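Here are the chains, one letter per residue:
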Amino acid sequence: MKTRATVLFTLLVAFMFALLGRLLYLQVVRHDHYAELAGRQQQRVVELAPPRGTIFDAAGRPLAVSGPADSIYAVPREIKDPTGTAIQLGQVLGLPARDLAPRLKGNGWFVWVARLVDREVAQRVKALSLPGVGVKEENRRFYPQGELAAHVLGFVGTDFHGLAGLERSFDGEVTGKTGRRVVRKDAGGRYAFDADLEWQDAEPGKDLHLTLDASLQYLAERELGRAVEEYGAQGGSVVVLDPKSGAVLAMASLPTFDPNRFNDYEDLDRRGKNRVITDVFEPGSTFKMVTVSAALEANLADATDVFDCGNGQFVFGNVTIRDHKPFGVLTLRDVIAKSSNVGAIRVGLLAGEERLWNQISALGFGRKTGIELAGESAGLLRPKERWQPIDKAYISFGQGIAVTALQLATAFAAVANGGVLVRPYLVEAKGTDGHREATARRPVVVNRAMSPATALRVERLLEAVLLPGGTAHSSALEGYALAGKTGTAQMADGRGYSATDHMAVFAGFAPGRDPRLAIAVVVDRPRKDYHGGSVAAPVFSAIVRQALLYQGVRPVREEKLTRWPGEKVRETGETGP
């Protein structure tokens, strides 16, 4: 008995020492490890999403805002019945249980179930009281004007980062800085905030204040939409600039989309691209403005100089170029007003390859404008060293070169601006909490494209396009002097030029003498008619008429037009022979 007692006592003492050793090991040696493990079990790091900055139009109207929205998440390691949970969640969320169940299994700490759901759906999920399933409040991007300016604004993905447009270009500034807060979790699964735990507030993103005017944007989209529908076109684009500053007042593309539900569009790649900056096309006769500018800048021609238009044909080597009408001898003014291709070739040859190239480059073609949007095209312009002898003939009337609508509008804006090319821009200022900081000193001058005297002479030539006898005379506005150029460009089809597909184009500015608007209109493959003068010019005219009234520019009852040498000007303002 004594031996048994001794053995039992010895074992008991050994057990006590072992227990004390284990406690010492756990509480002293491994204290930090287990304290960290307990902290991970009892604490959670909650990310605090920052409010994304608001995007305002020029009048302070919100175009993109952020607001609260609910998202459903799960903690798989806390879910005992993944299949049953998936069935109940699927019924509320309208999702297949077979797709949800695999995501609810395992030992993970966090998984998203559904992002940015309606508040009613979130309340129904809460009412289920499912273990391991919770509702987290996030921010959601909302576009109160729907489709308006969708291509300019872009949209935001479920991770709250910009995926297109200005939302993408300024994502780093508009997003803000994510905050974080450590919270405790009690035995009942409830979270509690503790002031002693780490926390960092979210920093709100910057607001963007645009040059875009929602009223002018709506006007541009409406008039473009009417033309696309009326002529059965595949799409189109319009851009409206302030020629003096380069501010973009409107930028429209069709087809369009609603950024509030961008995921609903299977053809988002087509609908979502901003044609104003991405699509390139041969400018056709609108490019004759560049050709005559080169000749006028070198003082090689004047408005009354005559050019032999070859009765509609021009032979260059073994190539015969035909005009759209058999013109004979025309003045430079009529070459532009009646849009003679052969006349433009004669002017281009007179100017010479070097001067023509320099004028094209000076007006910004062949390079990006630098606007604050991703995906801008530089257009297509072969280096002068690679020009074939006949290239200068084709380029003189807008073939063999490709431009964007923005480049075209910017070039015509340079003429309206006395020959000074300025960089187009969309963002006037940034800021938070009502404070605005200008993004840069405006305007940003790129270069002088031509002298003021040349710009005025070109302007007067362009005015003739909208006078009787001009290709856009039906789009003239009483009381306003308009200047512009029509273009009807055949589209390349890989083997040459298509006989059926055209781009109807018009570019110009208004009002004359003190231009407030520079506009380019492009209608893609219209069917019922395809001429720039009958399809695109009326869009320009409709926008100008309403936009100038909106800006407070009233029509002049007796608008005085240009007095050409040898011409008389009637009191009505019309030019006589």
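Residues numbered from 1 in each chain as written. Predicted model: local features only at pLDDT ≥ 70, side-chain atom pairs only at ≥ 80, totals over all residues. Heavy atoms only, no water.

Undergrad: So what exactly am I meant to see when it comes to the pairing of strand β20 (residues 483–492) here?
TA: As judged from the 9 bridges shared by β20 and strand β21 (residues 497–510), these two strands associate in the antiparallel manner. Looking at β21, one finds that Lys485 is bridged to Ala507. What sits between β20 and β21 in their antiparallel hairpin is a turn of 4 residues, with Gly494 showing a positive phi close to 100 degrees. (Pairing = 2+ DSSP bridges. Helix = DSSP H or I, 4+ residues; strand = E, 2+ residues; numbered from the N terminus.)

Undergrad: What should I look at first to understand unusual backbone geometry in this one?
TA: Of all residues except glycine, most have a negative phi; of all peptide bonds, most are trans. Along the chain, Arg442 connects to Pro443 via a cis peptide bond; the corresponding omega equals -5 degrees. Within the fold, Pro443 resides in the loop between β18 (437–438) and β19 (445–448). Each neighbour pair has its own omega, and for Ala510 with Pro511 the value is -15 degrees, a cis peptide bond. Within the fold, Pro511 resides in the loop between β21 and β22 (517–524).

Undergrad: Help me understand the packing of helix α12 (residues 288–297) against helix α15 (residues 353–362) in this model?
TA: Helix-helix packing is characterised by the crossing angle of the two axes and by the distance between the axes. At a minimum axis distance of 9 Å, the contact between α12 and α15 shows a crossing angle of 115 degrees. Viewed along their axes, α12 and α15 form a crossing whose handedness is right-handed. Contact residues: Val290, Thr291, Ser293, Ala294 and Glu297 in α12; Arg355, Leu356, Gln359 and Ile360 in α15. Classifying every residue of the contact of α12 with α15 by side-chain character gives 4 nonpolar, 3 polar and 2 charged. (Axes fitted to C-alpha atoms, helices over the stretch in contact; angles between N-to-C directions. Left-handed = near helix turned anticlockwise from the far one by under 90°. Contact = heavy atoms within 4.5 Å. Nonpolar A, V, L, I, M, F, W, Y, C, P; charged D, E, K, R; others polar.)

Undergrad: So what exactly am I meant to see when it comes to the packing of α12 against helix α14 (residues 341–351) here?
TA: Their axes nearest at 8 Å, the elements α12 and α14 cross at an angle of 35 degrees. Seen along the crossing, α12 lies across α14 with a hand that is left-handed. Contact residues: Lys288, Thr291, Val292, Ala294 and Ala295 in α12; Asn341, Ala344, Val347, Gly348 and Ala351 in α14. A breakdown of the residues in the contact of α12 with α14 according to their chemical character gives 6 nonpolar, 3 polar and 1 charged.

Undergrad: Help me understand the side chain of Asp171, please; the structure alone is not making it clear to me.
TA: On the secondary structure map, Asp171 appears in helix α8 (residues 171–174). The class for Asp171 is buried, based on a relative accessible area of 14%. In contact with Asp171, not counting residues within four places along its chain, are Arg52, Phe160, His161, Gly162 and Leu166. (Buried < 20%, exposed > 50% of the residue type's maximum accessible area, 1.4 Å probe, protein only.)

Undergrad: Explanation requested: the sheet that holds β21 in the structure shown.
TA: Two strands in a sheet stick together by hydrogen bonds in their backbones, pointing the same way (parallel) or opposite ways (antiparallel). Strand order in the open sheet formed by 5 strands is β11-β10-β22-β21-β20, and the pairing between neighbours is antiparallel. Every other strand in the sheet has two partners, leaving β11 (248–254) and β20 as the edge strands with one partner each. Recorded for the sheet is a direction-independent mean angle of 10 degrees between the axes of neighbouring strands. Here strand β10 (residues 235–241) pairs with β22 via 7 bridges, running antiparallel. The residue of β22 that forms the bridge with Gly235 is Asp524. On the sheet, helix α20 (residues 537–550) packs against β10, β20, β21 and β22 and is oriented at approximately 145 degrees with respect to β22.

Undergrad: Help me understand the pairing of strand β9 (residues 207–210) in this model?
TA: Along a regular strand, successive side chains alternate from one face of the sheet to the other. The two faces of β9 match: Asp207 and His209 on one face and Leu208 and Leu210 on the other face are all buried. Of the pairings in the sheet, the one linking strand β2 (residues 55–56) to β9 comprises 2 bridges and is parallel in character. Across the sheet, Ile55 pairs through a bridge with Leu208, a residue of β9. One ladder, built from 4 bridges, connects β9 with strand β17 (residues 427–431); its direction is antiparallel. Residue pairing for β17: Leu208 is matched across the bridge by Lys430.

Undergrad: Would you mind going over the packing of aromatic side chains with me for this structure?
TA: Applying the stated criterion to the full structure yields 8 aromatic pairs. Between Phe155 and Phe257, the aromatic rings sit 5.9 Å apart at their centres with planes inclined by 90 degrees, giving edge-to-face as the arrangement. Here Phe155 is found in the loop between α6 (150–153) and α7 (165–169), whereas its partner Phe257 is found in the loop between β11 and α10 (268–271), with 102 residues between them in sequence. For Phe155, a relative accessible area of 9% gives the class buried. Between the NZ or CZ atom of Arg442 and the centre of the ring of Tyr425, over which it lies, the distance is 3.8 Å. (Phe/Tyr/Trp six-rings, centres within 6.5 Å; stacked < 30°, edge-to-face > 60°. Lys NZ or Arg CZ within 6 Å of the ring centre and 35° of its normal.)

Undergrad: Looking at this structure, how should I read the nonpolar core?
TA: In a soluble, globular protein the nonpolar side chains are often hidden away together inside. With 123 residues, the main nonpolar core has Val238 and Ile360 as its most contacted residues. Per element, the largest residue contribution to this core is 10 residues, and it comes from helix α17 (residues 405–416). Leaving out residues up to four positions away in the same chain, Val238 has contacts with Ala220, Leu224, Ala250, Met251, Ala252, Val276, Ile519, Ala520, Val521, Val539 and Ile543. (Core = buried A, V, L, I, M, F, W, Y, C linked by side-chain atoms within 4.5 Å.)

Undergrad: Is there a simple way to explain the pattern of salt bridges in this structure?
TA: Side chains that carry opposite charge are capable of pairing whenever their charged atoms lie near each other. The tally for this structure, following the rule as stated, stands at 24 salt bridges. Its salt-bridge partner being Glu372, residue Arg442 comes within 3.9 Å of it at the nearest N-O pair. Note that Arg442 is positioned in the loop between β18 and β19 and Glu372 in the loop between α15 and α16 (391–396), a separation of 70 residues in sequence. Assessed through its relative accessible area of 17%, Glu372 is described here as buried. A salt bridge links Arg513 to Glu463; its shortest N-O distance comes to 2.6 Å. Here Arg513, found in the loop between β21 and β22, pairs with Glu463, found in helix α18 (residues 452–463); they are 50 residues apart in sequence, far enough to count as distant. By relative accessible area, Glu463 is classed as buried at 4%. Connected through shared salt-bridge partners, Lys273, Arg275, Asp279, Asp524 and Arg525 make up one network. (Salt bridge = Lys/Arg side-chain N within 4 Å of Asp/Glu carboxyl O.)

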